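An overview of the molecular structure
Spelled out, the chains give:
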Amino acid sequence: MPDTLTHPTVTAVTLDLTINGRRQRVQADPGARLLDVLRDGLMLTGAKEGCGAGECGTCSVFVDGKLIKSCLMPAAKAQGAEVETVEGLARTGDLTAVQKAFHKTGASQCGYCIPGMVMAATATLRDNPDADIEEIKERMGGNICRCTGYSKIFEAVEIARDVIAGRLPHTALDPEAVGNSFIGHNTRRLDAPSKVTGRLRYAGDMVMPGMLHMQVLRSPHAHAKIVSIDTTEAEAYPGVHCVLTCDDVPGEDGFGVFVEDQPVMARDKVRHVGEAVAAVAADSVRTAREAMALIRVEYDELPGLFDPEDALKSGAPVIHDYAADNVVKHIPVRKGDIAAGFSAADVILEESFSTQQVEHAYLEPEAGLAYVDHDGVVTVVSPSQNITHHRHMLSHIIAKPINKVRFIMSPVGGGFGGKEDMIYQGMLALAAMKTRRPVKLVFTREESFVASAKRHPSRTRCRMGLTKAGRITAVEFEMLSDGGAYGMSSEGVMRKAAILSCGPYEIENLKVDTKVVYTNNTPSGAFRTFGGMQAQFATESMMDMAAERLGMDPFEIRRVNMMRAGSLTHTQQKLASAAIDRVLDAAEGASGWEKGAPSVRGESRGDLDGPGTRRPCTLGARVRETATDRFRP
Amino acid sequence: MLYCDTYLQPATLREALELLRVAPEGSRVVAGATDLLPWARDGRGGDVQVPHLIDITRVDGFSGWRLEGERVRLNAGTVYQEFLEDPDLVRLLPNMPQCAAWFADDQIRRQATLIGNIVNASPAGDGLPPMLTLNATIEVARLDGDRVQTRSVPVEAFVTGPGRTLLQPGEIATAVTCDAVEGYGGSFQKVGLRRSLVISAVCCAALVKTDAKGRLVEDARLALGGVGPRPIRLRDIEEMLRGKELTRDLIAKVSLLPARHVASRSRVEYRRAVVQGFVGSAIEDALAALCVCGTHSTAKEAVDA
Ligand SMILES: Cc1cc2nc3c(=O)[nH]c(=O)nc-3n(C[C@H](O)[C@H](O)[C@H](O)COP(=O)(O)OP(=O)(O)OC[C@H]3O[C@@H](n4cnc5c(N)ncnc54)[C@H](O)[C@@H]3O)c2cc1C
């Protein structure tokens, strides 16, 4: 039994369980959850820990035939129970109908939610083999997918239901014929079987002999000087193998995608709540947490910056010495002559837009495993979205030649840009070097929220001049983004925001400025669209408002301005082809748009509530059914 | 993280009470653990050390329910999924299936007990408003010397504020008893961010009984949750409805009243707006539920007339 399961000071409980049909006796900590016993004690890592609070469903298992969330069940409660995990479904090796259907429809993307989804789908069809789509959705409501693959998942459950009931032949689960070309055909995902069976191991599922567990002490302050860090008591705590601070960094301490402004652990000061200050590697997670509580950090709080506009004011607190003006990056784009453009305009619109911070909330919290191999190669296994760059940065940080640094990319349980920054791999490498043991770190969901980068909150001011015919004559576009405490991917995000700023429209005169500043908020970083979303929100809203002002159809005003083959982009690249015309046609058709200006026409609109409109959430299919069945005379 | 030294699973109430009496300070009773485990997380309780956890789900007599005259006795082990799946409970407690359907998700409902929800006393607890409409009382037991003593308290009085109840140290709740209201139409309204796994911003429970023609209100019961430190029963509105013919005007009139009860610390205006719509829909949905049974086919039409 691994030492992670029981803590030296407590008496283990002995659990007799039937797991996937086999009698098992397990020793567990009396406070352990069923999820811990399955994963750490029995190596059944198909059940995942996505949130640890019952919110996500990655840990769903059957206990005595009932599907439950194993992160919410004390293991001791399951004493004597029959437990069935995702590994128990396809025991003979052949996938179940549900698993095959998931494979068929391509229902697995990152795969991290998939074992739980397969379990929830299985439970749904076991409880009601005839469940209709509404009931399927409702019964699976406790399982969350962040790659937004719900449609394919529901499609899979309906196919499985019909195959099981004999309404569809078994061949409905076979792959579709591809013929000579993959283009235009559904192709099967090669990794789907490993995901639907729970066999795929993500970084948090991996173990190595002698492996230690890391926990990270994080800053409670947004901006503070570190006066002192006393690790003596933590170092002396039984079961602790090392305590790390920035003093343990042998090389040049700094990482970042564009500017290497972030130390592996806070150096001299902390710049945001949740910043890593020290780390402990110990025999168990619990020991590491107990030792962490013994580290004494003395802080001297500094005035903080929480609004990007304040960051630009003179006399504002300086967050990084190298950037006295707090500006991380300013990207200007100029084309034509905006003064002339605006004077040629019949109407000028001006509006401000803001977007908020967003967390990626990939279901796999950050996790990694590092070790030093027999050749002295420092190896880090993690779901990094940027391993080559991480490898180069780490070689400077640990002062080793590049051939002594290795990064292995583990399956990414959702990233969406959020796993591009090297926020924990450095600590793992240092701990492995210091202890000469494999070291693993798995973030809690809460830790992932406070420590990982977010989507840039933005404020945009846009001024647009147009002729009466709807042709744009000039645009002035200014975006200020909150970069948070570190640079991370901010520069790239600003570049993309600037390049895409005015949308797929050909504009002869424009002046674009995107700027990102440091604050003491959680750092902003890469997030799907990489700045495009914030800019498009402003520009597309402007297009709709312009249509309204000019009494034009919103599709029409876009067609008047759209880029075509031969157009010059905002950065003056000549396009060989453009597809926006077809995109507009398709969107117009699919939405059933009623032609005309977008002015509110209320209930008189003919395109409201048509086919394909999503009904509002209503009460459960089952409530209605029971009531009707029961009261039927 | 939750750490505990000893996990106990008593088989009888007496044993459970004895274990609780001798348990070191900080020990906890646990039922479904769906409030207890999420509480022991960073940002809430953090790392907590609970000396003894006393799991009451295997206590003899804690599972199941029975009809006692005009009242339903729900033993301490009753979980939310039962209100959705047990056809007799659906019939006897007609606003609980809707409450259950909106409560957490299927998996959590199989663990989450009604009593845990009441003892947890969250201002947003979904079980509280329907329990108020069902005139529920909670029975708690304690040891007096060697004797097991019980007392009963109306749920309305038992919950005194956010996370606060009249439960005394050494006491274990054993059952909730509520009115059996077969023949009433029941409804439950909830607003939150999504359909499953969502804590109510506001919730509202209703029970309505009409005369055989479905015109006159014989009895109406309404309660709100999420609008202040504790759930509230809307007796003033009930009084205005009783004996009356339900019309759109009357519903519109009574819908205006509860806004003043909103005493939340956040989103007050939003909650006021929601509450107004909720009282109307709660009554209408309760009537609609009666219509499904066929005997009151005109109830909804009466409103629309
Ligand atoms: C993801 C998620 C979603 C949720 N959604 C909802 C929701 O939609 N609506 C809602 O209202 N709640 C919701 N909850 C909260 C929770 O599920 C409920 O409050 C549940 O009813 C608690 O019951 P339990 O049996 O799990 O209680 P436990 O966690 O076991 O106990 C809760 C408290 O009650 C005490 N207790 C339990 N039983 C007894 C007893 N017999 N005697 C004395 N004390 C006792 C415990 O000591 C503890 O203090 C949700 C929780 C999660 C994790």
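The numbering scheme is per chain: residues are counted from 1 as the chain's sequence reads. Here chains are named by letter from A upward and ligands by number from 1 upward, in the order in which they appear as written. For this predicted model, a pLDDT threshold of at least 70 governs which residues receive local features, and a threshold of 80 or more governs which side-chain atom pairs are given and counted, while totals over whole chains, interfaces and linings are taken from all residues. As a rule here, side-chain values come from all non-hydrogen atoms in the structure, and water together with hydrogens is ignored.

**Remarks on the packing of aromatic side chains**
- Each aromatic pair joins two rings of Phe, Tyr and Trp (for Trp, the six-membered one) with centres within 6.5 Å, and gets the label stacked for planes under 30 degrees apart, edge-to-face for over 60, and tilted for any other angle. Here the structure, examined in full by the defined rule, presents 8 aromatic pairs over all chains.
- Summarising the aromatic geometry, the rings of Phe353(A) and Phe537(A) are spaced 5.8 Å apart at their centres and angled 80° between planes, so their arrangement reads as edge-to-face. In this pair, Phe353(A) is assigned in strand β13 (residues 347-355) and Phe537(A) in helix α15 (residues 532-550), connecting sequence segments 184 residues apart.
- Pairing Tyr80(B) with Phe103(B) gives two aromatic rings, centres 3.8 Å apart and planes at 15°, and the pair type is stacked. Here Tyr80(B), found in helix α3 (residues 80-85), pairs with Phe103(B), found in the loop between α5 (96-101) and α6 (106-109); they are 23 residues apart in sequence, far enough to count as distant.
- Assessed through its relative accessible area of 0%, Tyr80(B) is described here as buried.
- The rings of Tyr80(B), Phe83(B) and Phe103(B) are connected pair by pair, giving a single aromatic cluster.
- In this scheme, Lys NZ or Arg CZ marks a charge over a ring once it lies within 6 Å of the ring centre and within 35 degrees of the ring normal. It is Arg218(A) that lies over the ring of Phe443(A); its NZ or CZ is 5.0 Å from the centre.
- Positioned over the ring face of Trp39(B) is Arg28(B), at 4.9 Å from the centre of the ring. Secondary structure elements follow DSSP: runs of H or I of four or more residues count as helices, runs of E of two or more count as strands, with numbering from the N terminus. Burial classification: accessible surface area is computed with a 1.4 Å probe over protein chains only, and a residue below 20% of its type maximum counts as buried, one above 50% as exposed, and the rest as partly exposed.

**A look at the pairing of strand β10 (residues 172-179) of chain B**
All names here are of chain B.
- Counting buried positions along β10 gives 8 out of 8 residues, so the element sits mostly inside the fold.
- Pairing of strand β6 (residues 137-144) with β10 involves 5 bridges; the strand directions are antiparallel. Directly across from alanine 141, in β10, lies its bridge partner isoleucine 172. In this scheme, strands are said to pair when DSSP sees at least two bridges between them.

**So, unusual backbone geometry**
Residue and element names in this part refer to chain A.
- Positive phi is not limited to glycine here, since aspartate 268 has a value of about 65°.
- Residue class for aspartate 268 comes out exposed when judged on its relative accessible area of 58%.
- Phi angles above zero are rare outside glycine, and alanine 399 is one such case at about 55°.
- Of note, alanine 399 is situated in the loop between α11 (387-397) and β16 (405-409).
- Alanine 399 sits in the exposed class, given a relative accessible area of 52%.

**Brief notes about the pattern of salt bridges**
- Just to be clear on terms, a salt bridge is a Lys or Arg side-chain nitrogen sitting within 4 Å of an Asp or Glu carboxyl oxygen. For the structure on display, the rule yields 70 salt bridges over all chains.
- A salt bridge links Arg272(B) to Glu269(B); the shortest N-O distance between them is 3.3 Å. Placement of both Arg272(B) and Glu269(B) in helix α12 (residues 268-292) is noted, with a separation of 3 residues, approximately one turn of the helix.
- Owing to a relative accessible area of 57%, Glu269(B) belongs among the exposed residues under this scheme.
- One network of salt bridges, in which partners are shared, links Arg334(A), Glu350(A), Arg461(A), Arg463(A), Glu476(A), Glu478(A), Lys511(A) and Asp513(A).

**As for the interface of chain A and chain B**
- Working rule for contacts: check all heavy atoms of both residues, and any pair within 4.5 Å makes them a contact. Every contact between the two is made by 50 residues of chain A and, on the other side, 45 residues of chain B.
- Linking chain A to chain B there are 9 salt bridges.
- Between N or O atoms, a polar contact is any pair within 3.5 Å; within protein, one atom must be a potential hydrogen donor and the other a potential acceptor, and residues adjacent in sequence are included only when both atoms are from side chains. Between chain A and chain B we count 16 residue pairs in polar contact (both at pLDDT 80 or more) in total.
- When residues of the side of chain A that touches chain B are traced back to their parent elements, those giving at least two are β4 (66-69), α3 (114-127), α4 (133-139), α8 (285-292), α13 (445-451) and α18 (621-631) of chain A.

**Points about the confidence of the model for chain B**
Residues and elements named next belong to chain B.
- The quantity called pLDDT is the predictor's confidence in a given residue, expressed from 0 to 100. Mean pLDDT over chain B works out to 93, with 95% of the residues at or above the 70 mark.
- This model gives residues 294-298 a pLDDT under 50, and the stretch forms 10 contacts once residues within four places in sequence are excluded.
- Our summary of model confidence lists the complex with pTM equal to 0.94 and ipTM equal to 0.94.

**Brief notes about the domain arrangement of chain B**
Residue and element names in this part refer to chain B.
- What the domain assignment reports for chain B is domain 1 (2-55), domain 2 (65-179) and domain 3 (185-296).
- Facing the 12 residues of domain 1 at the interface are 16 residues of domain 2.
- A 1.4 Å probe defines the accessible area here, and the buried area is the portion of it lost by two parts on being joined, summed over both. Across the domain 1 to domain 2 interface the summed buried area is about 1100 Å²; carbon plus sulfur atoms make up 67%.
- The three residues of domain 1 that bury the most area against domain 2 are Arg14, Leu17 and Arg21, which together make up 40% of that side's buried surface.
- The interface formed by domain 1 and domain 2 includes 0 salt bridges. Residue ranges for the domains trace back to a domain assignment, done automatically or taken from a database.

**Considering the packing of helix α16 (residues 554-561) of chain A against helix α17 (residues 580-591) of chain A**
Residues and elements named next belong to chain A.
- Think of each axis as a best-fit line through the C-alpha atoms, taken over the contacting stretch in the case of a helix, with angles from 0 to 180 degrees between the N-to-C directions. Direction vectors running N to C along α16 and α17 enclose 175°, while the axes themselves pass 11 Å from each other. Between α16 and α17, the angle falls in the class roughly antiparallel. In this structure, α16 uses Phe555, Arg558 and Arg559 to contact α17, whose residues at the interface are Leu584, Asp585, Ala587, Glu588 and Ser591.
- Residue classes in the contact of α16 with α17 are distributed as 3 nonpolar, 1 polar and 4 charged. Angles below 35 degrees are treated as roughly parallel, those above 145 as roughly antiparallel, those between 65 and 115 as roughly perpendicular, and all remaining angles as oblique. Gly counts as polar in this scheme, as do all residues outside two lists: the nonpolar Ala, Val, Leu, Ile, Met, Phe, Trp, Tyr, Cys and Pro, and the charged Asp, Glu, Lys and Arg.

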